Amino acid sequence: LPIQRRARGYPSQHAGGILSHMHMRVVLQRLFSPRAIAIAMCSAAARFDAPAVLAQAADDRSAPAAEVIRALKEIECAPPPAATAEDLSGRWELVFSTAAAKLPLIDGYMPNREVLEWDLAARRLKLEIETLPLLPKVRVVGEELTFDAASQTLTYSVKQKPPSQWRVLHVDRANGLLAARSSVTGLNLIRKLRGGAMRPTATLAAAALSAAASAATALRARRAVATAAAPPLGQDLCEEFALYAPPASLAPLQRGKEPIPLGVLKARGEVHRDGDWHRSVHVWLIDAAGRLLLQRRSAFKDTHPNLLDVSCAGHITGADGVVDTAVRELQEEIGVSLPEADLEAAWVCTLPASAEGATAQHGRFLCREYQEIFLVRCSAGFDAAALALDQGGQGEVAGVEWRDASEVAAAWASGDAGFVPRTAVYGAILSEAIAGLGGSD
């Protein structure tokens, strides 16, 4: 520190009038003591309103990116909030991310739409990522979602990766804002979606948005005309299936083994087009005489229309489990209500299977699925003629009929064209399960 020679009586020990090392250390300690630093920081913080900056950023994206980053960092150093599970509910849109700020030509504000939902009751995180107008959304599913209120931390897992975390740093209930640090994407600012609507990102030009909206409207109109002219499809081709990793072989999975989820959802039509591995339930009903109840599939199904098949079947969507799906499909397709416990007891095995073919209406399909097989013994009073079948205009079931189990096995073995084809392994598994039922109803 330059001073006048011998100022305040301190001897100068260097030419140029510089304090001695001992005196310099004393002055520096007084100027930059922890208390002085804390006072300076508090003074600076009083002039910088971090929550207001974040609110401005979420409202119209007009806050400078540098100020948003500073606000996020200052809030991270503040005492943690007391967020509750209720605060985290609903759907949230990602507004700003420090990970995005590191990318070329992006200041931190999200150039696309990313919407996430924390469903703590179902222990599941859902993330939807929009890329370009009219292109399909990318969907990611996180499982085993938990929230630790003490540490204000959300934890979940995607695929077989190590657990990811979101640590809540700031909750603005009045404006529906939340700031958090993600173990994957750094500091983030998200805003709660009101009524499920997403506001357009500021980085998309108004003309581009208008053109995309017009194109989407025209596409919807063309689809509406095509739908009106075409017969009912028998199912929703946009229904979302959860995808799984391919099996090591087509042998039945060992008991206790589960297919490996990829954490991705995909539309039914695309899954059957691309041959992605998904999951389904096959529920067989058998009476005391050894007859299997067969379902004749609707003429409008996208796979194996008009053929005889399992009593009830359905795909597992992104939101349901195996037994949940079996309960739902039994009720929806043939009007049978069974408790979950009864279906759990009726589970036989998980069998990977692959089938391909083509239909006149939908074209080629490649169906690769993990089939969860169930076998249920019907009670003596069961009346198939009284079943409430899903036979309406959009129905999936053309009818049901009883066939002896040995006749069904022979049809599969001979490649009978009136039946949905099943492998020899499938037939052997079902025959063994039937033999194991014994004689009790």
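As a reminder, the structure under discussion sits directly above these lines.
Remember, it's a predicted structure, so these values are computed and weren't measured experimentally.

About the cut-offs
Residues numbered from 1 in each chain as written. Predicted model: local features only at pLDDT ≥ 70, side-chain atom pairs only at ≥ 80, totals over all residues. Heavy atoms only, no water. Helix = DSSP H or I, 4+ residues; strand = E, 2+ residues; numbered from the N terminus. Core = buried A, V, L, I, M, F, W, Y, C linked by side-chain atoms within 4.5 Å. Buried < 20%, exposed > 50% of the residue type's maximum accessible area, 1.4 Å probe, protein only. Contact = heavy atoms within 4.5 Å. Salt bridge = Lys/Arg side-chain N within 4 Å of Asp/Glu carboxyl O.

**Q** Would you take a moment to explain the environment of Ala435 for this structure?
**A** Looking at the element boundaries, Ala435 is found in helix α12 (residues 424-435). Separated by 145 residues in sequence, Ala435 and Gly290 have C-alpha atoms that sit 9.6 Å apart.

**Q** Hey, could you run me through unusual backbone geometry in this one?
**A** Across residues other than glycine, the phi torsion is negative in most instances, and most of the peptide bonds are trans. Non-glycine residue Arg61 carries a positive phi angle of around 60°. One can find Arg61 in the loop between α3 (50-60) and α4 (65-77). Despite not being glycine, Arg123 has its phi angle at roughly 60°, a positive value. Along the chain, the position of Arg123 falls in the loop between β2 (114-119) and β3 (124-129).

**Q** Explain the nonpolar core here, please?
**A** Across soluble globular proteins, nonpolar side chains show a tendency to be buried alongside one another. Core analysis: the largest hydrophobic core is formed by 22 residues, its most contacted members being Leu88, Trp118, Leu154, Trp166, Val168, Leu178 and Ile190. Sorting the residues of this core by element identifies β1 (91-97), β2, β3, β4 (138-148), β5 (153-157), β6 (164-172) and β7 (177-182) as the ones contributing at least two each. Setting aside its immediate chain neighbours within four residues, Leu88 contacts Trp118, Phe147, Leu154, Val168 and Leu178. If you look at the next biggest cluster of nonpolar residues, it comprises 21 residues, including Cys349, Leu375, Ala411 and Ile434.

**Q** When you look at the pattern of salt bridges in this model, what are you seeing that I'm missing?
**A** Any two side chains of opposite charge can pair, given that their charged atoms come close. This structure, assessed with the given rule, holds 24 salt bridges. One salt bridge in this structure joins Arg422 and Asp309, with 2.7 Å as the shortest N-O distance. With Arg422 in the loop between α11 (405-414) and α12 and Asp309 in strand β13 (residues 308-309), this pair connects stretches of sequence that are 113 residues apart. This pair shows no difference in class: Arg422 is buried, exactly as Asp309 is. The salt bridge partner of Glu407 is Arg403, with a shortest N-O separation of 2.9 Å.

**Q** Explain the environment of Arg296 here, please?
**A** Along the chain, Arg296 falls in strand β12 (residues 291-297). Assessed through its relative accessible area of 29%, Arg296 is described here as partly exposed. Sequence-wise, Arg296 and Val397 are 101 residues apart; in three dimensions their C-alpha atoms are separated by 6.1 Å. Among residues more than four places away in sequence, those in contact with Arg296 are Asn306, Leu307, Leu308, Glu396, Val397, Ala398, Gly399 and Glu401.

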